[in-house]
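Listed below are the residues making up each chain.
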Protein chains: 4
Amino acid sequence: MSVRAAVVGAAGYIGGELLRLLLLHPRVDLVAVTSVRRAGRRVDGCHPNLRGLTDLRFTSPADLDDEYDVVFLATPHGETMTGLAQYTSRAGLLIDLSADFRLRDPAVFRSHYGVEHAAPGELDSFVYGLPELHRGELRGADRIAVPGCMAAAAILALHPLAAGDAITGRVVVDARTGSSGAGAAAGQTNLHAERSGALRVFAPVGHRHEAEIGQAIGRPVSMTATGVEAVRGVQVVCHVTLRDGVDDVVLRGLYRQHYRDERFVRVVAARRGNYRLPEPKILAGSNYCDVGFATGTASGAAPTAAVAVGALDNLMKGGAGNAVQCMNLRLGWPESLGLEFPGLHPS
Amino acid sequence: MSVRAAVVGAAGYIGGELLRLLLLHPRVDLVAVTSVRRAGRRVDGCHPNLRGLTDLRFTSPADLDDEYDVVFLATPHGETMTGLAQYTSRAGLLIDLSADFRLRDPAVFRSHYGVEHAAPGELDSFVYGLPELHRGELRGADRIAVPGCMAAAAILALHPLAAGDAITGRVVVDARTGSSGAGAAAGQTNLHAERSGALRVFAPVGHRHEAEIGQAIGRPVSMTATGVEAVRGVQVVCHVTLRDGVDDVVLRGLYRQHYRDERFVRVVAARRGNYRLPEPKILAGSNYCDVGFATGTASGAAPTAAVAVGALDNLMKGGAGNAVQCMNLRLGWPESLGLEFPGLHPS
Amino acid sequence: MSVRAAVVGAAGYIGGELLRLLLLHPRVDLVAVTSVRRAGRRVDGCHPNLRGLTDLRFTSPADLDDEYDVVFLATPHGETMTGLAQYTSRAGLLIDLSADFRLRDPAVFRSHYGVEHAAPGELDSFVYGLPELHRGELRGADRIAVPGCMAAAAILALHPLAAGDAITGRVVVDARTGSSGAGAAAGQTNLHAERSGALRVFAPVGHRHEAEIGQAIGRPVSMTATGVEAVRGVQVVCHVTLRDGVDDVVLRGLYRQHYRDERFVRVVAARRGNYRLPEPKILAGSNYCDVGFATGTASGAAPTAAVAVGALDNLMKGGAGNAVQCMNLRLGWPESLGLEFPGLHPS
Amino acid sequence: MSVRAAVVGAAGYIGGELLRLLLLHPRVDLVAVTSVRRAGRRVDGCHPNLRGLTDLRFTSPADLDDEYDVVFLATPHGETMTGLAQYTSRAGLLIDLSADFRLRDPAVFRSHYGVEHAAPGELDSFVYGLPELHRGELRGADRIAVPGCMAAAAILALHPLAAGDAITGRVVVDARTGSSGAGAAAGQTNLHAERSGALRVFAPVGHRHEAEIGQAIGRPVSMTATGVEAVRGVQVVCHVTLRDGVDDVVLRGLYRQHYRDERFVRVVAARRGNYRLPEPKILAGSNYCDVGFATGTASGAAPTAAVAVGALDNLMKGGAGNAVQCMNLRLGWPESLGLEFPGLHPS
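Rules used throughout
Residues numbered from 1 in each chain as written. Chains lettered and ligands numbered in written order. Predicted model: local features only at pLDDT ≥ 70, side-chain atom pairs only at ≥ 80, totals over all residues. Helix = DSSP H or I, 4+ residues; strand = E, 2+ residues; numbered from the N terminus. Rg over C-alpha atoms; globule rule 2.2 N^0.38 Å. Buried ≥ 20, exposed ≤ 12 C-beta atoms within 10 Å, placed from the backbone. Contact = placed C-beta atoms within 7 Å. Nonpolar A, V, L, I, M, F, W, Y, C, P; charged D, E, K, R; others polar. Pairing = 2+ DSSP bridges. Axes fitted to C-alpha atoms, helices over the stretch in contact; angles between N-to-C directions. Least-squares fit on C-alpha atoms with pLDDT ≥ 70 in both. Parallel < 35°, antiparallel > 145°, perpendicular 65-115°, else oblique. Left-handed = near helix turned anticlockwise from the far one by under 90°. Domains from an automatic or database assignment. pLDDT = per-residue confidence, 0-100.

Let's shift gears to the overall build of chain A. The secondary structure content of chain A amounts to 10 helices and 13 strands. Scaling as 2.2 N^0.38, a compact globule of 347 residues should have a C-alpha radius of gyration of about 20 Å, and chain A matches this with 20 Å. Projected onto the principal axes, the alpha-carbon positions of chain A cover approximately 65 × 45 × 40 Å. Counting across all 347 residues of chain A, residues that qualify as buried make up 63%. Long-range contacts, defined as pairs at least 24 residues apart, comprise 70% of the intrachain contacts of chain A with a sequence gap of at least 6.

Now for the interface of chain C and chain A. Counting from both sides, the interface comprises 47 residues of chain C and, opposite them, 47 residues of chain A. For the side of chain C that touches chain A, the elements supplying multiple residues, two or more each, are β7 (167–177), α7 (192–195), β8 (200–203), α8 (209–217), β9 (221–227), β10 (234–242), β12 (289–297) and β13 (304–312) of chain C. When its residues are assigned to classes, the side of chain C that touches chain A shows 22 nonpolar, 16 polar and 9 charged.

Our next topic: the sheet that holds strand β4 (residues 91–96) of chain B. Residue and element names in this part refer to chain B. Read across the sheet, 6 strands follow the order β2-β1-β3-β4-β6-β5 without closing on themselves; strand pairing throughout is parallel. If you trace the sheet from one side to the other, it starts and ends with β2 (28–34) and β5 (127–128), each paired once. Looking at chain direction, strand β1 (residues 3–8) and β2 are connected through 6 bridges and run parallel. In the strand pairing of β2, Val3 is matched with Val28. Strand contacts of helix α1 (residues 13–23): β1, β2 and β3 (68–73), with the helix running at about 155° to β2, the strand carrying the most contacts.

A few words on the relation of the copies chain A and chain D. Turning chain A through 180° and shifting it by 0.0 Å along the axis lays it on chain D, with an RMSD of 0.0 Å. Put plainly, the chains are arranged around a two-fold axis. Looking at the rotation axis and the C-alpha trace of chain A, the residue lying nearest is His192(A), at 2.0 Å. A share of 100% of interface residues in chain A that are also interface residues in chain D marks the association as one of identical surfaces.

Glancing now at the relation of the copies chain C and chain A. Overlaying chain C with chain A gives an RMSD of 0.0 Å, the required rotation being 180° about an axis along which the chain moves by 0.0 Å. When you check the interface residues of chain C against chain A, 100% turn up at the interface there too, and the contact is symmetric in its surfaces.

This next bit is on the interface of chain A and chain D. Listed by partner, the interface residues are 13 residues for chain A and 13 residues for chain D. With 3 residues, the top contributor of residues to the side of chain A that touches chain D is helix α7 (residues 192–195) of chain A. Residues of the side of chain A that touches chain D, tallied by class, amount to 5 nonpolar, 7 polar and 1 charged.

Glancing now at helix α8 (residues 209–217) of chain B. Residues and elements named next belong to chain B. Counting buried positions over the 9 residues of α8 gives 8, a clear majority of the element. For α8, the complete set of buried residues consists of His209, Glu210, Ala211, Glu212, Ile213, Gly214, Ala216 and Ile217. Summarising the contacts, the buried residues of α8 are in contact with α4 (106–113), α5 (131–139), α6 (149–163), β7 (167–177) and β9 (221–227). Following α8 by one or two positions, Gly218 has its phi on the positive side, about 65°.

Before going further, it helps to spend a moment on the sheet that holds strand β1 (residues 3–8) of chain C. Two pairing modes exist for strands in a sheet, parallel and antiparallel, and in both the strands are linked by backbone hydrogen bonds. All names here are of chain C. Here we have 6 strands laid out as an open sheet, ordered β2-β1-β3-β4-β6-β5, and parallel in their pairing. The strands lining the two open edges of the sheet, one partner per strand, are β2 (28–34) and β5 (127–128). Relative to strand β6 (residues 143–145), β5 runs parallel, the two being bridged by 2 bridges. Note that in β6 the partner of Val127 across the bridge is Ile144. The strands touched by helix α10 (residues 320–330) are β3 (68–73), β4 (91–96) and β6; relative to β4, the strand with the most contacts, the crossing angle is about 150°.

Residue and element names in this part refer to chain C. Packing of helix α1 (residues 13–23) against α10 leaves a shortest axis separation of 9 Å and a crossing angle of 45°. By the angle class used here, α1 and α10 are oblique. The handedness of the crossing between α1 and α10 is right-handed. Every residue of α10 that contacts α1 at Ile14, Glu17, Leu18 and Leu21 is listed here: Ala320, Gly321, Ala323 and Val324. A breakdown of the residues in the contact of α1 with α10 according to their chemical character gives 6 nonpolar, 1 polar and 1 charged.

Turning to the domain arrangement of chain A, a few remarks are in order. Residues and elements named next belong to chain A. You can read the domains of chain A as domain 1 (3–146 + 319–330) and domain 2 (150–312). Between the C-alpha centres of domain 1 and domain 2 there is a distance of 25 Å. Contact with domain 1, which involves 15 residues of that partner, is made by 16 residues of domain 2. Within the residue set of the side of domain 1 that touches domain 2, elements represented by two or more residues are α4 (106–113), α5 (131–139) and α10 (320–330). Residues of the side of domain 1 that touches domain 2, tallied by class, amount to 7 nonpolar, 5 polar and 3 charged.

Take the pairing of β7(C) next. Residues and elements named next belong to chain C. In terms of burial, β7 is a largely internal element, 9 of the 11 residues being buried. Relative to β10, β7 is paired through 8 bridges, and the arrangement is antiparallel. Paired with Thr177 across the two strands is Val234, which belongs to β10. Two strands pair when backbone bridges link them, and β7 and β9 are joined in this way by 7 bridges, in the parallel orientation. Paired with Val172 across the bridge in β9 is Ser222.

Turning to the confidence of the model for chain A, a few remarks are in order. Averaged over all residues, the pLDDT of chain A equals 95, while 98% of them reach at least 70. The ipTM assigned to the predicted complex is 0.96, against a pTM of 0.97.

As a further point, take the environment of Pro280(D). Within the secondary structure, Pro280(D) is located in the loop between β11 (265–267) and β12 (289–297). Sequence-wise, Pro280(D) and Gly343(D) are 63 residues apart; in three dimensions their C-alpha atoms are separated by 9.7 Å. Every residue in contact with Pro280(D), bar those within four places of it in the chain, is listed here: Leu199(B), Ala230(D), Gly233(D), Val234(D), Gln235(D), Ala311(D), Leu312(D) and Asp313(D).

It is worth spelling out unusual backbone geometry at this point. All names here are of chain B. Cis geometry is adopted by the peptide bond preceding Pro346, which originates at His345 and carries an omega value of -5°. By the element assignment, Pro346 lies in the segment after α10 (320–330). Positive phi outside glycine occurs at Asp165, with the angle close to 55°. Along the polypeptide, Asp165 turns up in the loop between α6 and β7. A tally of 10 C-beta atoms within 10 Å means that Asp165 is categorised as exposed.

Quick look at the structure:
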């Protein structure tokens, strides 16, 4: 009663995380994993945490000549939109982890990715893969576009505020990310001696995920992204202006109402301790997105300010874990199947 | 069909790891968790990774007035040997994670811990909790003493060589450990600004685990311990002198033979890649102890030298995970029950 | 021709940094260093980097019975304002590194520090110790209040924009800080296993430095502070809204004009490389504050957004180094005397 | 009265450190810095800590058509021995930081570097650049071969023991190194996500520096090298067997006698504190090599064991700093000229 799954682009970090999850998933048979550069080699050669779990080897994408119940695409941005046809024919369910089909508007895509979309007519055929916002549509989806890691954190942190009409004006999203978000390809940018201990404001304005966030929450967004000393982990600190009358109690109510029944979103806004607000450090390997908030008055300013904070593991709820959650949802299984690992403390 | 378990000393790092494992264990009902200082408070207050998993609160050890199938003692060294009676009466199976009952010889205990043993007559009533060496005895044990983290890594790395009579002379064990091994009590020693980036040779000679290693492998041991920049993780590099005729092929044979059927020991001695030898970085949260080796000739020296390397997560195979494996074994369950998490890469 | 200097509170991290600078300063004789808890012990016992540089020992503050040309106060917040008299009588020049005399308005002090100011009548007797803004006054000052570390970075990053009337509305300051900013006192908060790898939003709103920034730039400020994985280093990312007509060229002009002749402020806004914007990683031990900026348009929003970035070593330009620069300025010496170390790369 | 200096291979990490030291050296005029790949570009483009210190640009090595008082070669291993003639003709003093001329015996070179030496007849024309062992020869040297970073630490830690005939048998050197030791070239090996938090035993046996150590101390050596989480820093833990009658008092005496007058070697063997033994964390940017020791008895073993520990900054005393110290010595200047920075704490 298992489904047959394939992962395309399985030698990268998102790909490796998919392998870890799918190999241990009780209802999935992982039958094909591809890598252009590593075809023929064992998967545990580049994913050493899988030693002892599998003898699988990468194949070439060209050898994907079968049909699969689910195909995950963990390929570089741009490949899904140009090669969509070949995957569609083989896959009952297509789950794309690239950025190609996250945006609805080809003009927004162009302005943020600097190229024309290669398949604008297909944009509407994908459902945005965030179960907390699109559960209904995902239940019937055959094509799913998994959100960007920083976008997912920001959207989940901001959604209760936007949906509850609690904020006004521009939202400032300050995102911080570990080095695995940049992928497994080596370069001067990711050299340990350069990247270690960094606080690198690599996208001071206009990060691509800005467009996803704006699309989801319907407000103007200014996003800054900084690379911090971490391998895994994303945190967003969102600065918002509250509407008159919105206070701590209102906010707490909104968060609770939105996420009361969500398995993978925890509202974290404690009064004491080291972990009062969402912190990616305790989320590595887990599929949680923790969200929280705090309110205050800007010194000398009339409008009340608040911050909404979100945190997740970029390879999990920000990528592979969220993709598996979408698959579980689509196939009618419990959403948490194969995603039970709660994260470590300390770590 | 579940067993009822209690954890004493559950607010520490080993205690927290036990909670994580037992709360998700399919055959365990965690019914009591104690902490002297945190009695009455929620467990997820100090173990934030358990948020959403449990509403448990710590109780005072004095409130442990029931009977339990299994009691885990994650108390400071010295408490088990003075309070043994009170726990014995309540527990079908007692699993002690302190150092009190790891050594067989009270004189060795005295020389390494600087105090007289408080219950020398009970030393033989405990079985040393390393399934790979003592599986038979553990099947019938009612009291189990879980090995020290660095000792476990060194013993598993050296055992095939010692048991196979492949080495001669003194063994030099160079151990490296993350900061969680020092526990959750704050002090100048563990202050982040002092401990961060450290290479602190805190035990240049005579570390306590030296005695456990010597007891297990039956050879003289010199051990050095260094605190390195990590929260979790232990690695030992053991320098040995090989007997005549022992070479790479012999060693590989010994390791394979000893660990062929072990679920949690992987022989890692690859020819290429970043993870050619055991590396704790990919083991966080997993119950693996990876072991490996390499041979060579000392410059100018006749005898052939070799290094045996071991790595594990000090809170897992070096503590809580190993304790759960012992429980599984003792209760006739698959040893890996509740211990399936394979570790993350990258992390 | 040297001046005689004393450091009060010399066992802390700011105190230790003052010792390093003053021991190597060509015109300073360090004659007394005090510590309540370490009186009688060698200074290199707690500042191991000073081994071989000095045989000095801490004395008790009560033993400060002499007169000094300069007294540096690196004491906990609150001690200067209550003990001002005793220091004034002994010191030609008093340089306070605590927060007690940074704010002009006792009401603002009360609202940010939660207590009444103990010497409100003396607030105006201190000059705010930021040479780049107050060089003229500092030349004649006998009492200097050294800015907070995050405040210094934000003020230097924002000053050209505020003074040049280039921005409008509220300024959002997102500050990140290493663990040394929390001082040398051990606690659960700074335990390595808890603090390592953290992204701890410890002050989501209303951090105390917010008041200093607002006072200096004359605009409403919302500040968030996050502890990041670092020992030294502060970075601020300031989100601002530009006035009509203000663009990249205008901003570059403002920064250059303000800092053209500043020895310790570098304008860093490069088009490529890993270090395009200010990055504390390369500033450890140096007295630089690097400042930079980038502009962009918020998605869907009319007003143009910009970010101003500042970075410094919190113990140097954010504390001890800046204090020495103030002393140099006040005593008519080159401002960079004893502050020549440029920082390391890589590190 | 300044000397004219050139640095060949100035875009690497050792090269960058030389630039930092020479630009601030009071008696050096840095007139040429070369890089094959970066010719024409500003040096502060790849060494951002030099911003504001210099407007220098890299030139091509082919443009080195002048004569220089000192030429530093920070080129990849192999280039000095093949290109020696071209540099000799231009340089009064040649200081080579590669491995080409560190070993005296071409057979040992071959066995450790895997190639024939290209200029065996010139091996004796270089003096081994460790002032603490070869001060007399270095005063008259025209060619200096700067030791390897781990070799320098081990030799300085072991030299008093070997020269004092205090040890017997094989020496086991366990070396740990930061990532900058592997250079500035990017690759899968040094990718941040792979290298971060690593304990990578990259040379379990037979590291090249083993030969240098053996040559210097005249004993058989087994060396293991592990990459640890750090950018800068080398630490060696050397396991030795003491001769009969050698104890703590004898060892302390030997260390003190050998290093009493050494500016850059500190004997660190304290009884308490976090920094009881040499620790590279506090040495970044400094030219110190800290050395220390501890004695003990192996459990069950008759011979007394000891460990000798050494620590340094691999780019300083393990490279560029040591090279400048050699230059200072050769030119009759104080050895510490331009090398006064003492290191930071905390960091």
